[in-house]
Amino acid sequence: MATKRKADVSVPAEESDQLLIRPLGAGQEVGRSCIILEFKGRKIMLDCGIHPGLEGMDALPYIDLIDPAEIDLLLISHFHLDHCGALPWFLQKTSFKGRTFMTHATKAIYRWLLSDYVKVSNISADDMLYTETDLEESMDKIETINFHEVKEVAGIKFWCYHAGHVLGAAMFMIEIAGVKLLYTGDFSRQEDRHLMAAEIPSVKPDILITESTYGTHIHEKREEREARFCNTVHDIVNREGRCLIPVFALGRAQELLLILDEYWQNHPELHDIPIYYASSLAKKCMAVYQTYVNAMNDKIRKAININNPFVFKHISNLKSMDHFDDIGPSVVMASPGMMQSGLSRELFESWCTDKRNGVIIAGYCVEGTLAKHIMSEPEEITTMSGQKLPLKMSVDYISFSAHTDYQQTSEFIRALKPPHVILVHGEQNEMARLKAALIREYEDNDEVHIEVHNPRNTEAVTLNFRGEKLAKVMGSLADKKCMQGQRVSGILVKKNFSYHILAPSDLSNYTDLAMSTVKQTQAIPFTGPFPLLLSQLRHLTGDVEEIEISEKSTLRVFNSITVVHDQNMVLLEWFANPLNDMYADAVTTVVLEVQSNPKAQKVLQPQEKKVDVNVFQNRLLKMFQDMFGEECVDFKDKNCLAVSVDGKTAFINLETRTVECEDDNSEDDSLREMVELAVQRLYEAMNPVM
Amino acid sequence: MPCVHYKFRSKLSHDTILFEGVHITVRELKQQIMRRERLKLCDLKISSEQNNEEYTDDEALIPNNTSVVIRRIPAVGLKSTNKRFVNNRPEPSCGSSQTVCRKVFALV
């Protein structure tokens with residue numbers, strides 16, 4: 001882990017079949033979700049949260065185990081702190097230069113939720129991981145994506161589904177080289193008043209990374225839970241107590257507000273008891289909620305047209321403690337949800353000693369927070385200033401945190417049947433129980449094999465995916481129907497993870513590539529006589545043509561090299577390809593040889609290619625006159641020479657150099673043979689082999 | 001004043017730790033860095049900035065003016081969750097039984 005992880009095999013990362021999943025946070029814990037996915041040389045980070053129960057750098061995921069500059073893509077599932085709380089730090093204070101995506105609603109709410117968090121954190125400025133300025137500056141680096149919109153970055157295809165849970169929460173499906181992975185973030189398969197249930201993707205993933213917050217628990221029915229909640233609130237205000245509901249300004253608070261507003265509407269006796277929604281950002285937050293109605297369920301969308309349900313009749317905004325007159329029973333919803341600091345903590349500390357009061361914990365509480373602590377019913381609590389106070393107020397836990405429970409998770413997995421399931425975002429024991437239950441569910445199933453993993457922080461899960469490589473033949477190569485065993489040849493074009501085979505001429509039709517030719521020119525200093533060069537080239541090959549180009553002596557050698565004689569040099573030109581290059585080399589060598597051989601330059605004798613016929617005839621005549629006497633040899637006609645010896649005559653055809661006898665006397669062929677031999681010998685002597 | 005320059009692998013900036021004497025041991029350096037950065041629940045891996053070699057021996061000496069790269073890793077031996085508050089939860093049952101109760105108790 002200290003050095004960069006180099007693959008032991010010599011396979012480059014892009015071709016390797018190894019897929020790595022490593023949680024840097026939320027591995028066997030809840031908080032600081034941050035999961036690294038590595039495949040085919042691509043690195044993706046899923047979520048970047050902080051741990052709400054820890055402070056300072058301790059709250060960060062173990063980012064030191066990766067190099068932020070190598071991360072290509074960062075996907076944020078939703079706006080809860082434990083999924084995006086470290087994003088401003090990651091974007092502004094590390095070397096990360098990849099792209100970040102989240103849904104529109106998530107981005108809008110992220111801005112204000114984290115702003116609220118920065119304000120209410122009571123740690124000193126030194127300890128703060130980032131400031132409001134960092135948060136503002138990070139906004140430009142974040143890109144948005146719509147639900148079901150497919151985007152592609154660096155060869156990674158991804159899109160998202162509704163996850164329920166909170167407004168804008170998404171489950172991301174990622175596809176690299178045909179391998180699909182679904183990251184659920186936090187999700188719920190139960191619809192509530194304003195959010196839809198998580199969708200079941202139509203595409204089945206090979207790997208599922210899922211939350212396991214509630215492990216093997218089963219939630220109580222929605223109606224029962226709502227009834228219990230309303231009854232508890234009613235009881236508390238009936239006994240003249242104050243009811244505190246700590247929640248973050250945005251998220252489940254809106255669901256609770258809808259529930260309370262409806263309950264108050266139905267109970268006129270409660271109309272005098274105020275409900276406060278306390279957050280300095282309340283107005284801004286509600287405006288955001290009203291904007292992103294498209295991310296909510298159909299019921300609410302229809303209701304918005306008639307009568308905006310988010311305009312509450314019985315709930316008022318409370319900006320701070322100063323605006324609050326604490327007389328008589330009331331219901332206050334204040335942030336933060338786990339009471340680490342801020343208004344909910346202040347109110348808690350001022351109300352906890354009175355047994356008429358009550359606090360309702362309405363969401364999941366992380367280890368190490370006050371909310372989690374009071375669920376164990378301690379005798380006393382420690383205030384922010386260190387003072388100890390007895391805990392007399394009632395504490396109820398009614399979870400509206402909209403996480404999946406065992407029934408929903410197993411139904412989800414049954415619908416998708418992913419071969420690999422990775423559990424994150426759950427306490428160690430809960431997660432272990434869930435893993436065991438899932439394994440048990442499929443252990444007798446012969447058709448479906450599901451491997452369940454629950455890695456600890458920084459521990460990697462390595463999976464192997466052998467992909468099939470498919471190359472599509474396109475263009476003119478695809479014109480004819482092909483048969484098994486037929487050879488196809490063309491150019492293999494690879495774009496990200498798709499392969500095509502094309503004929504070179506089709507390249508410009510289907511790609512940005514084009515065929516081009518390269519023309520080469522070579523100038524060689526040459527001061528010798530050009531005819532000498534010509535003759536030497538003719539020694540090299542018969543394929544030498546003389547052509548005329550603008551008054552300069554030009555040759556065309558091998559039908560591809562153009563040789564131009566210029567002032568003191570020779571210019572070679574040809575279209576580059578392996579064969580022509582070789583010819584050019586040969587011609588260049590000849591030129592250089594002629595140039596460097598001073599003796600050859602002086603010799604200017606051009607050789608006669610053909611023997612002059614007249615000369616040959618005269619010589620022939622002379623030869624036979626010498627052999628047989630002058631009176632025996634005579635020209636019969638232009639092409640025929642007659643040689644008469646002892647009454648026999650041989651006719652020599654000068655063109656073909658064949659000899660025939662007058663009498664077709666087969667007995668005495670000796671004259672004919674002798675004459676023929678003599679003619680051949682003379683001809684060869686005069687016309688030497690080249 | 002002799003010093004060691006350190007940088008967390010994920011961060012961009014260097015910081016300096018001052019110390020007395022000629023060298024500082026790896027153990028002391030870790031403690032000082034954890035104190036300075038207010039880290040309580042993790043462990044540190046220290047490597048040399050030049051050649052990326054890790055200082056595995058806690059008693060090894062780091063000379064003056066060295067630059068090192070720090071990696072935060074989960075604490076060995078400690079559970080990854082914070083145990084600041086005591087948890088008395090009865091074991092919830094798994095399977096289909098419901099866990100409904102008015103008063104507080106464990107994780108529902």
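Quick caveat, the model's predicted, so the values are computed rather than measured.

## Thoughts on the overall build of chain A
The number of helices and strands found in chain A is 18 helices and 34 strands. Computed over its C-alpha atoms, the radius of gyration of chain A comes to 47 Å, more than 25% above the 26 Å expected for a compact globule of 690 residues. The principal-axis extents of the C-alpha atoms in chain A amount to approximately 160 × 60 × 55 Å. Going through the 690 residues of chain A one by one, you find that 54% of them count as buried. A separation threshold of at least 6 residues defines the contact pool for chain A, and within that pool the share at least 24 residues apart is 68%. Summed over all atoms, the accessible surface of chain A reaches about 32700 Å², with 48% contributed by carbon and sulfur. The centroid of the 71 positive side-chain charges in chain A is displaced by 4 Å from the centroid of its 99 negative side-chain charges.

## Some thoughts on the UniProt feature "domain: DWNN" (unreviewed entry) in chain B
According to UniProt, the "domain: DWNN" (unreviewed entry) feature falls on residues 4-74 of chain B. Secondary structure across residues 4-74 of chain B divides into 15% helix and 42% strand, with the first and last C-alpha atoms of the span separated by 24 Å.

## Things to note about the packing of helix H11 (residues 406-416) of chain A against helix H12 (residues 428-442) of chain A
Residue and element names in this part refer to chain A. For the pair H11 and H12, interaxial distance at closest approach is 12 Å and the crossing angle is 45 degrees. One way to sum up the angle between H11 and H12 is to call them oblique. Between H11 and H12 lies a crossing whose hand is right-handed. Taken together, the residues of H12 that come into contact with H11 (itself represented by Tyr 406, Ser 410, Ile 413 and Arg 414) are Leu 434, Ala 437, Leu 438, Glu 441 and Tyr 442. A class-by-class count of the residues in the contact of H11 with H12 yields six nonpolar, one polar and two charged.

## Looking at unusual backbone geometry
Residues and elements named next belong to chain A. Residue Ser 335 is joined to Pro 336 through a cis peptide bond whose omega torsion reads 0 degrees. Examined against the element boundaries, Pro 336 turns out to sit in the loop between strand S15 (330-334) and helix H9 (342-351). You will see that His 165, though not glycine, has its phi angle at about 65 degrees, which is positive. Mapped onto the secondary structure, His 165 falls in the loop between strand S8 (156-162) and strand S9 (170-176).

## Describing the sheet that holds strand S21 (residues 451-453) of chain A
Residues and elements named next belong to chain A. The strand order across the open sheet built from seven strands is S7-S8-S9-S10-S11-S20-S21, with neighbouring strands paired in mixed fashion. This sheet does not close on itself; its edge strands, each paired only once, are strand S7 (151-153) and S21. With strand direction ignored, the average angle separating the axes of adjacent strands in the sheet is 20 degrees. In this structure, S9 lies alongside strand S10 (residues 179-183), joined through five bridges in antiparallel fashion. Across the sheet, the residue bridging to Phe 172 is Tyr 183, located in S10. Packing of H12 onto the sheet brings it into contact with strand S20 (420-424) and S21, and relative to S20 it is tilted by some 160 degrees.

## Quick word on the packing of aromatic side chains
Residues and elements named next belong to chain A. By the definition in use, this model includes 14 aromatic pairs over all chains. With a centroid separation of 5.6 Å and an interplanar angle of 75 degrees, the aromatic rings of Tyr 289 and Phe 310 are classed as edge-to-face. Within this pair, whereas Tyr 289 is found in helix H7 (residues 282-291), its partner Phe 310 is found in the loop between helix H8 (298-306) and strand S14 (315-318), the two being separated by 21 residues in sequence. On the numbers, 6.1 Å between centres and 10 degrees between planes, the contact of Phe 624 with Phe 628 is stacked. Linking Phe 624 with Phe 628, this pair stays in helix H17 (residues 613-628), spanning four residues, or about one helical turn.

## Some words on the sheet that holds strand S5 (residues 99-103) of chain A
All names here are of chain A. Sheet architecture is open: seven strands sit in the order S6-S5-S4-S3-S2-S1-S22, paired in mixed fashion. If you trace the sheet from one side to the other, it starts and ends with strand S6 (142-145) and strand S22 (461-464), each paired once. Put simply, the sheet's adjacent strands are angled 25 degrees from each other on average, direction ignored. Here strand S2 (residues 34-39) pairs with strand S3 (residues 42-46) via five bridges, running antiparallel. Of the residues in S3, the one forming a bridge with Ile 36 is Met 45. Packed onto the sheet, helix H3 (residues 104-120) meets S5 and S6 and runs at close to 100 degrees relative to S5.

## A look at helix H18 (residues 670-686) of chain A
Each α-helix turn comprises 3.6 residues. Residues three or four places apart therefore point the same way. Residue and element names in this part refer to chain A. Spanning 17 residues, H18 covers 24 Å between terminal C-alpha atoms, matching the ideal 24 Å at 1.5 Å per step. Among the residues of H18, Leu 671, Val 675, Ala 678, Val 679 and Leu 682 are the ones counted as buried. For H18, the angular spread of buried residues about the axis comes to 95 degrees, placing them on one side. Exposed and facing more than 90 degrees away from the buried side of H18 are Arg 681 and Glu 684.

Definitions and limits used
- Residues numbered from 1 in each chain as written.
- Chains lettered and ligands numbered in written order.
- Predicted model: local features only at pLDDT ≥ 70, side-chain atom pairs only at ≥ 80, totals over all residues.
- Heavy atoms only, no water.
- Helix = DSSP H or I, 4+ residues; strand = E, 2+ residues; numbered from the N terminus.
- Rg over C-alpha atoms; globule rule 2.2 N^0.38 Å.
- Buried < 20%, exposed > 50% of the residue type's maximum accessible area, 1.4 Å probe, protein only.
- Contact = heavy atoms within 4.5 Å.
- Areas by Shrake-Rupley, 256 points an atom, 1.4 Å probe, with all protein chains shown as cover.
- Lys, Arg positive; Asp, Glu negative; His and termini not counted.
- Charge placed at Lys NZ, Arg CZ, Asp CG, Glu CD.
- UniProt positions renumbered as here; feature names shortened; annotations may be inferred.
- Axes fitted to C-alpha atoms, helices over the stretch in contact; angles between N-to-C directions.
- Parallel < 35°, antiparallel > 145°, perpendicular 65-115°, else oblique.
- Left-handed = near helix turned anticlockwise from the far one by under 90°.
- Nonpolar A, V, L, I, M, F, W, Y, C, P; charged D, E, K, R; others polar.
- Pairing = 2+ DSSP bridges.
- Phe/Tyr/Trp six-rings, centres within 6.5 Å; stacked < 30°, edge-to-face > 60°.
- Expected span 1.5 Å × (residues − 1).
- Arc of directions from axis to C-beta.

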